[in-house]
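# Inside the fold
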Amino acid sequence: MSIRVVVADDQELVRAGFGMILDAQDDIEVVAEAGDGEEAVAAVRRHTPDVLLLDIRMPVMDGLEAARLVCAESGCKVVMLTTFDLDEYVYEALYAGASGFLLKDVRRDDLVHAVRVVAAGDSLLAPAVTRRLVADIVRRRRERAAADTATPQRLDTLTAREVETLRLLARGLSNAEIATTLFVSEHTVKTHVSNVLGKLALRDRVQAVICAYETGLIVPGSP
């Protein structure tokens with residue numbers, strides 16, 4: 001079955017270029033294009049795609065608001081498009097439910113790989129953005145601790161093995177690498193990851209990483 005994709009960008013050449021690259025793949029089908037956030041949301045509602053490539057900066061409705069709506073209303077995976085590796089909205093987009101981001105000058109093979117990875121349920125974060133994400137999470141935790149507000153999300157609903165799975169996931173290990181580390185099958189790891197996301201009401205692995213740092217399960221610089 002093909003991966004159904006909607007491409008949303010206010011630059012026609014960008015939309016057309018990404019669409020041609022993706023449509024050339026045997027396992028990917030571009031079902032619609034959109035020129036602004038409002039059109040993107042409407043296209044997702046109409047075509048129920050697996051993945052939405054969504055520009056952050058667009059007219060009528062920006063990508064951030066569109067991402068919030070799409071993530072709240074559907075199971076469509078959202079990948080944000082930006083021209084800046086430190087775009088001020090990237091962090092907010094991840095919190096809104098986006099599964100990752102791509103720079104618009106992404107290589108052809110990396111674009112195709114990204115769509116496949118996100119469609120499979122994994123997250124897509126460039127190292128530079130991951131570092132920024134972690135630093136911002138730590139800063140916010142310190143601010144909350146100083147103000148003695150906002151109780152961090154509790155992990156006591158997880159089993160010991162699920163907590164360990166979350167810890168390894170937050171360190172960037174793939175399912176195969178987690179399976180090797182825990183001496184279990186990949187199928188078992190997938191079950192643990194699914195349980196973690198379900199019990200903590202997390203959309204995907206990106207939000208699981210955020211949760212791990214926010215709760216102090218992972219500390220930057222720890223082995």
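Just so it is clear, the model here is predicted, and its values are computed rather than measured. (Residues numbered from 1 in each chain as written. Predicted model: local features only at pLDDT ≥ 70, side-chain atom pairs only at ≥ 80, totals over all residues. Heavy atoms only, no water.)

### Observations concerning the overall build of the protein chain
Rule in force here: Here a helix means four or more residues in a row that DSSP labels H or I, a strand means two or more in a row labelled E, and each is numbered from the N terminus. The buried label applies to any residue whose accessible area, calculated with a 1.4 Å probe on protein chains only, is under 20% of its type's maximum; exposed applies above 50%, and partly exposed to all values in between. In this analysis, two residues are considered to be in contact whenever any of their non-hydrogen atoms come within 4.5 Å of each other. A 1.4 Å probe and the Shrake-Rupley method give the accessible areas. Residues count as covered only by the protein chains that appear here.
A count of helical and extended segments in the protein chain gives 10 helices and 5 strands. Taking all 223 residues of the protein chain together, the buried fraction comes to 48%. Taking the intrachain contacts of the protein chain between residues at least 6 apart in sequence as the baseline, contacts between residues at least 24 apart amount to 67%. For the protein chain, the exposed surface amounts to about 11,000 Å²; the carbon and sulfur share of it is 51%.

### Brief notes about the environment of Thr82
Along the chain, Thr82 falls in strand S4 (residues 77-82). Along the primary structure Thr82 and Asp105 are separated by 23 residues, whereas in three dimensions their C-alpha atoms are 8.9 Å apart.

### As for the packing of helix H7 (residues 160-170) against helix H8 (residues 175-182)
Helix-helix packing: each pair is described by the crossing angle between the helix axes and the interaxial distance. Test applied: In this analysis, axes come from line fits to C-alpha atoms, helices being fitted only over the stretch in contact, and the angle between any two N-to-C directions falls in the range 0 to 180 degrees. Between 65 and 115 degrees an angle is taken as roughly perpendicular, under 35 as roughly parallel, over 145 as roughly antiparallel, and anywhere else as oblique. When the near helix sits turned anticlockwise from the far one by under a right angle, the crossing is termed left-handed; a clockwise turn instead gives a right-handed crossing. Each residue is assigned to one of three groups, with Ala, Val, Leu, Ile, Met, Phe, Trp, Tyr, Cys and Pro labelled nonpolar, Asp, Glu, Lys and Arg labelled charged, and all others, Gly among them, labelled polar.
Where H7 contacts H8, the axes come no closer than 10 Å and their chain directions differ by 130°. Here H7 lies oblique to H8, going by the angle between them. For the crossing formed where H7 meets H8, the hand is right-handed. Only Ile178, Thr181 and Leu182 of H8 make contact with H7, whose side of the interface consists of Arg161, Glu164, Thr165, Leu168 and Leu169. Classifying every residue of the contact of H7 with H8 gives 4 nonpolar, 2 polar and 2 charged.

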